[in-house]
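Listed here are the chains, written in short residue letters.
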Amino acid sequence: MENDLVERESITLSEVRLVLIGERWAGKSSSGNTILRNDRFECGRTRTAQSEMRHEVVEGRELIVVDVPGWSSSLSLSEIPEGDKQRFKLNASKCPPGPNTFLLVIPIDTAFSAMTKKTVEEHMKLLGERVWKHTMVLFTYGNYLGGKTIEQHIESEGDSLMWLIERCKNRYHVFENKDKSLSQVTRLLEKVDEMVWQNKGRIYEVDKQTLNIIEKKHREVTERVKQRERRSEEQRQQMKALIAEEMKTIPKLRMVLLGSRGVGKTSLGNTILGIKEQEDRKRTAHSVGRQGFVGETEITLVDTPGWWKGFPECDTPEAIKEEVIRSPSLCLPGPQVFLLVIDADASFNGKHLDAVKSHMELLGEEVWRHTIVVFTRGDWLGTHTIEEYIEGEGEALQSLVEQCGNRYHVIDNKNTDDGTQITELLKKITETLAGNGCDHFVPDEKIFDAIEEKKMKVKEGAKLRQSQVKAHRRLCKESSKELHALTFLMLGQKTFGKSATGNTLLRREVFPTCQNEFCQVEQGKVDARAVTVVDTPGWWKDPSKSTEEMDKEIVRGLTLSPSGFHAVLLVVPLDLTFREAQRAALEEHMKLLDVSVWKHTMVLFTYGDKLADQSIEEHIESEHKALHWLIDKCENRYHVVNNLKKSDMSQVTQLFEKVEEMVAGNSRQLFCPEMSEIYLNIDDKFKRMQLKNVLKQRLAEEYKRRELEMMTSFKKTLLELQAQIGDSATGTKSKSLIGDRTKLKVKGIGQKKKDGKDKEENINSKISQEIERLDNDIKNKSSDLCLSSLDLLFPTFKGESTTDRKTSSIQFEDVLGWLASVEIGTNEENQLTLNFSQTSGYRSVLPHDGLEFDTDEYP
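This is a predicted model, so every value here is computed, not measured.

(A) Region of interest: the environment of arginine 261. For arginine 261, the position within the fold is in the loop between β7 (252-259) and α8 (265-273). Among the residues examined, arginine 261 registers a relative accessible area of 16% and is labelled buried. Counting along the chain gives 47 residues from arginine 261 to tryptophan 308, while the straight-line C-alpha distance between them is 5.7 Å. In contact with arginine 261, not counting residues within four places along its chain, are Arg283, Gly306, Trp307, Trp308, Ile320, Asp575 and Lys610. Within the structure, arginine 261 has its side chain in polar contact with the backbone oxygen of glycine 306 (distance 3.2 Å).

Okay, here's the thing in C-alpha cells:
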C-alpha cells in the first residue's frame, strides 16, 4: 500500500498517477507519450483542448497520465476564461483518488522570465498552497542543453527559475522526447517514488467544498446554456420567417470588422473571403476595404485597426479612433452588418465590456442594431459550446451579447477548409438584415469630411514641426561632438516600456521587463561609447496610489550616477493616448526634481511599430494638447524606438547623436541636482497630500450631515402632508354625506366616494413608501451626497443644480477634482496656506505641526 512507509527509505508504487501541467506548446503531450511508451496523446500542431486521461502498463507498473490544456504565457490569471479556471482546478479529479505528482513542464529552449514566473505562480494558486508538495519540474527539449548540465542551465537562467526549483524543493527531471529512451522514464518514476515517500504516501485531492462549488456553478451554467440556445433558436426562426424569396441569396453584402488588437479580425476577414495566403503578422494601421465572392454573393469587407483590449476609447490614440469612425464610409452607401470580433480563448470582464462599448459607440447608438458578435479561436473551446463560454464568463459578456440582440457566431480560423462555418455566418447575417427591414447603417458624411479636414491640418502641422526640428538640429550639430561616455536616466509611467528600452540601448537583456520596484543601473559598450543606463520604477497613472517610499525610490536613481546624467529619457508609448491624466502624473513627479531637469529631458516614444506608415510628427499633431505641452516642454526633443527590432542599431545611434546635440546645447553640463532639495520636495508633496485628504474627508462628512438634515426635514414635511390629506378626506366625507345626498343619485354618490377613496389611498401609499425609503436611507447613511450643500462651503461649479442622484455623485467628483488642484503654499510665518481662486473668496492658514484650519475668513 502507498501509505505503508514505516521504517522504509523509499517506496515503489504499483500505480502511479501523474498530471501534466504547463504553458501551451511546452511539450506536455509529447512527454505523456514518452512516459507511457506509446503515442496515446496527439502531438505536433494539434493542441490539447481538454483534459485527457490515458494509462499503460510500463515495467510492471500501472501508469495513469492526465494531459491538461496549456495556459497562455501572455495572459495573466485575470485574462483567462472563468470556465478554464474552474476546469483547471478539477484536473486532479481526472485520476481518482488523486495524483501522486504534478509534473510542471518547462521547455529548456525558452527563457524562464519574471513574467513566466508570475504566470506559473498565478496558476498554481488555483490549486492551493499544498500543491507545491506534490509538484516536480519536468524540463523538456533536453537536447538544447548542449554540453551544459541541467544545474548549470538553472543557475544561468537567473532568479525566476531558481525560485521555481526552490518551490518544488529541488525536485526536477529532464526529458528528451525525441529520444524516448526508457532510462529517462525509469529515473523519473524513481524520483516520483522518493517524493511520495517524503510526503508519507499522501496524495493531492480536490477539496470537497471546492468540488461542490464548481459543480453547483456548472449546473447553473448548464441551465442558462439551455435557455440561451432555446431563445436563440426561437429568434432565428422568427427572422427566417421575415426573409423574402429574393433575399435568400444576397447579391451584394457590405460588412465592417471591429474589435481589439490580436483577436483575429484580419484572419476572420481572410477566412470569409477564402484567402489562404500567409499573413504578414503586421498590425492593421488603417481601415481598408477588400472585395471577394462567397458563392454568388459579392462581399465588400472593411478591416479596421484594433484598440487595446480592456482600455476605453479615451486611452486610444486619436488616429485609431478616426480610422474606426471613417470605416463605414469605405463601403458606401453603408455597411449592412458590423462583425464585432471577440477571442474565445481569453476572459471577458467588465473592463473589456466598457472598452468595447466606448469604441463601438464612436459610431453612434445605431451601430448595435447591425452588429453580430463573432467569436474567433473556436478550436480552443474543445468539446464545449460557445454558449457555455458566454454563460460561464459572467454578466459582462452576457450583457454584450444581449446588446447585439443575442446575435453571435463562432469561427475556427485555423480550419479554413470548413466552408460550413462561413455559410452559417452568412445565414445569420441574412436573418439580421431581414430583422432590420434590409436597412443599412448610414455613415455621417459630415464626420467623414471633418476627419479628412483634420488629417490635412495634421499633415501641415507635422511638416512645420519637422522643419523646426531639422533647423534646430543643424545649429546644434555645429557645436556637438561624439562623446565617449553617455549616462541615461529612464523615467516614466508603469508599463510604458522603460526597462525594455534600457535593454535595447545596451543591446542585451539586463533589465527585467516586468514591473520593477527598485532602481537598477547597468553598463555596456555600445557603438564605441561607454553607456550607463539607470532604470527606475514607474509611477502610477492614479496619483492617489503614489507613496512616499515609491517616490524616494524613483529619485534614488539620481544617486546611482554621482557625476550626473547626459539625458533624462522620458518614456511615452505610442500605442496609448497621452492626455491630461498622464500629464498630471508626469508633471507631479517631474516637479520633485530640480526645475532645470527639462533642459536635459528628451521624450522617448516606445512601441515604434505602432506608427506603421505614419510619421512621429503626424502622431504628435493628431494627439491631445497634453502631448503638445510635453513636446514643447522638452523643446521639440523626441525620438522613437521599436523594441521589437533590437537588431536595428540605427535607432540607437540616432538617439545617441540627438543626446550629444542636446548636451552641446547645455554647454556640456550634465543634470546633477541637489538631492537634499529633492527629498524636501517629496516631504512637502506628501504633507500637501495629507492635508488635501483631510479636507476631502471633512467635505464628505459635511455633505453627509447636510443631506441627513435635508432628508429628516423632508420626512417631517411628508408626515405633515399625510396628516393634512387625512384631515381633508375626513372633512370632505362629512360634507358630502350632509349636503350632496339630496342632489345626486345614489349610484353617483357611491362612485364618487369610491374614486375619491382610491385616490386618497393611492397618495397615502406613495407617501408611506417614500417615508419608508427615507427611514432606510437615514438609518443606513448610504445615500449619495447632496449637491446643494456644496455651495455653502466651496465655489460654484458650472452646470445646473439637480436632485438627480447620479448627477450629484458626478458633481461630487468634480468637487474632489477641484480640491486636488488647489495650490498649497507657505506664507512668511512658515504656515501652510490654501490658495483658492481669486473669485472664490476662500483662504485658509494651517500650522506645519497640525492639520487644524481656521475658517473665520470664509464668507
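(B) Focus on the pairing of strand β5 (residues 135-140). Counting buried positions over the 6 residues of β5 gives 6, a clear majority of the element. The side-chain alternation of β5 yields two buried faces, one formed by Thr135, Val137 and Phe139 and the other by Met136, Leu138 and Thr140. Taken together, the 6 bridges between strand β4 (residues 101-107) and β5 define a ladder with parallel strand orientation. When the sheet's bridge partners are listed, leucine 103 is paired in β5 with methionine 136. A crossover connection joins β4 to the parallel β5 through helix α3 (residues 114-127); in handedness this β-α-β unit is right-handed. Relative to strand β6 (residues 172-174), β5 runs parallel, the two being bridged by 3 bridges. Bridge pairing in β6 links phenylalanine 139 to valine 174.

(C) Inspection of the nonpolar core at higher detail. Core analysis: the biggest nonpolar cluster contains 38 residues, and Leu491, Leu558, Leu586, Leu593, Trp598, Phe605 and Leu630 have the highest contact counts within it. Among the elements of the structure, β13 (485-492), α16 (548-556), β16 (567-573), α17 (580-590), β17 (601-606), α18 (616-622), α19 (625-633) and α21 (675-739) are those that each provide at least two residues to this core. By residue number, the principal contributor to this core is α19, which donates 5 residues. Residue contacts for leucine 586: discarding those within four places in its chain leaves Trp539, Leu570, Phe578, Trp598, Trp629 and Leu630. Membership of the second largest hydrophobic core comes to 37 residues, among which are Val66, Ala92, Ile150 and Tyr172.

(D) Region of interest: the pattern of salt bridges. What the rule picks out here adds up to 46 salt bridges. Note that arginine 224 and glutamate 391 form a salt bridge whose closest N and O atoms lie 3.0 Å from each other. Placement of the pair is arginine 224 in helix α7 (residues 208-242) and glutamate 391 in helix α11 (residues 386-393), with a sequence separation of 167 residues. Owing to a relative accessible area of 30%, arginine 224 belongs among the partly exposed residues under this scheme. Residue lysine 685 pairs with glutamate 588 through a salt bridge whose shortest N-O separation is 3.1 Å.

(E) Structural view of the packing of α11 against helix α12 (residues 395-403). Two numbers describe how α11 lies on α12: the axes approach to 5 Å, and their chain directions differ by 120 degrees. Between α11 and α12, the angle is such that the two are oblique. Along its contact with α11, which presents Tyr389, Ile390, Glu391 and Glu393, the element α12 presents Glu395, Leu397, Gln398 and Val401. Its residues assigned to classes, the contact of α11 with α12 comprises 4 nonpolar, 1 polar and 3 charged.

(F) Looking closely at unusual backbone geometry. Looking along the chain, the bond that leaves proline 96 and enters proline 97 is cis, with omega of 5 degrees. Checked against the element boundaries, proline 97 lands in the loop between α2 (82-89) and β4. The linkage connecting leucine 332 with the following residue, proline 333, adopts the cis geometry, with an omega of 10 degrees. Relative to the helices and strands, proline 333 is located in the loop between α9 (318-326) and β10 (337-343). Phi at tryptophan 25 is positive, roughly 65 degrees, even though this residue is not glycine. As for its placement among the helices and strands, tryptophan 25 is situated in the loop between β1 (15-22) and α1 (28-36).

(G) Inspection of α11 at higher detail. Burial of α11 is extensive: 6 of the 8 residues sit out of reach of the surface. Along α11, the positions that sit buried rather than exposed are Ile386, Glu387, Tyr389, Ile390, Glu391 and Glu393. Taken together, the buried residues of α11 touch α2, α7, β10, β11 (371-376), α12 and β12 (408-410). Directly beyond the C-terminal end of α11, a positive phi value near 110 degrees is found at glycine 394.

(H) The arrangement of a positive patch on the surface in detail. A surface patch of positive charge is lined by Lys133, Lys169, Lys200 and Arg202. You can see arginine 202 is positioned in the loop between α6 (182-198) and α7. The class for arginine 202 is exposed, based on a relative accessible area of 52%.

(I) Region of the structure containing the environment of valine 337. Tracing the backbone shows valine 337 in strand β10. Residue contacts for valine 337: discarding those within four places in its chain leaves Arg254, Met255, Val256, His370, Ile372 and Ile429.

(J) Spotlight on the sheet that holds β1. In spatial order, the strands read β2-β3-β1-β4-β5-β6; together these 6 strands make up an open sheet with mixed pairing. Where the open sheet ends on each side, the last strands, each with one partner, are β2 (52-58) and β6. With strand direction ignored, the average angle separating the axes of adjacent strands in the sheet is 25 degrees. Those strands touched by α6 are β1, β2, β3 (61-67), β4, β5 and β6, and its axis lies near 175 degrees from that of β6.

(K) Local environment of the confidence of the model for the protein chain. Mean pLDDT for the protein chain: 84, with 84% of residues reaching 70 or above. Contacts of residues 1-8 to residues separated by more than four positions or lying in other chains number 16 contacts, the stretch itself having pLDDT below 50. Low pLDDT, under 50, characterises residues 836-859; the predicted model gives this stretch 53 contacts beyond four residues in sequence or across chains.

(L) Up close: the packing of aromatic side chains. Here the structure, examined in full by the defined rule, presents 9 aromatic pairs. Over the face of the ring belonging to tryptophan 540 we find lysine 545, whose NZ or CZ atom lies 4.8 Å from the ring centre. Across from the ring centre of tryptophan 629, 4.1 Å away, lies the NZ or CZ of arginine 583, which sits over that ring.

(M) Main features of the packing of α17 against α19. Contact geometry of α17 with α19 gives a least axis separation of 8 Å together with a crossing angle of 35 degrees. Relative to α19, α17 is oriented so that their crossing is left-handed. Together, Glu580, Arg583, Leu586 and Glu587 of α17 and Lys625, Ala626, Trp629 and Leu630 of α19 make up the contact between the two elements. Across the contact of α17 with α19, the residue classes tally to 4 nonpolar, no polar and 4 charged.

(N) Structural view of the sheet that holds strand β18 (residues 638-640). Strands sit in the order β14-β15-β13-β16-β17-β18 across an open sheet of 6 strands; the sheet is mixed. Each edge of the open sheet carries a strand with a single partner, namely β14 (520-526) and β18. Here the average twist between neighbouring strands, direction ignored, is 25 degrees. Sheet analysis places β13 next to strand β15 (residues 529-535), joined by 6 bridges and oriented parallel. Looking at β15, one finds that leucine 486 is bridged to valine 531. Packed onto the sheet, α19 meets β16, β17 and β18 and runs at close to 135 degrees relative to β17.

What counts as what
Residues numbered from 1 in each chain as written. Predicted model: local features only at pLDDT ≥ 70, side-chain atom pairs only at ≥ 80, totals over all residues. Heavy atoms only, no water. Helix = DSSP H or I, 4+ residues; strand = E, 2+ residues; numbered from the N terminus. Buried < 20%, exposed > 50% of the residue type's maximum accessible area, 1.4 Å probe, protein only. Contact = heavy atoms within 4.5 Å. Polar contact = N/O pair within 3.5 Å; in protein donor to acceptor, adjacent residues only side chain to side chain. Pairing = 2+ DSSP bridges. Right-handed = clockwise from strand over helix to strand, strands pointing away. Core = buried A, V, L, I, M, F, W, Y, C linked by side-chain atoms within 4.5 Å. Salt bridge = Lys/Arg side-chain N within 4 Å of Asp/Glu carboxyl O. Axes fitted to C-alpha atoms, helices over the stretch in contact; angles between N-to-C directions. Parallel < 35°, antiparallel > 145°, perpendicular 65-115°, else oblique. Nonpolar A, V, L, I, M, F, W, Y, C, P; charged D, E, K, R; others polar. Patch = residues over 30% accessible without salt bridge, like charges linked within 9 Å, V, L, I, M, F, W, Y side chains within 5 Å. Areas by Shrake-Rupley, 256 points an atom, 1.4 Å probe, with all protein chains shown as cover. Lys, Arg positive; Asp, Glu negative; His and termini not counted. Charge placed at Lys NZ, Arg CZ, Asp CG, Glu CD. pLDDT = per-residue confidence, 0-100. Phe/Tyr/Trp six-rings, centres within 6.5 Å; stacked < 30°, edge-to-face > 60°. Lys NZ or Arg CZ within 6 Å of the ring centre and 35° of its normal. Left-handed = near helix turned anticlockwise from the far one by under 90°.

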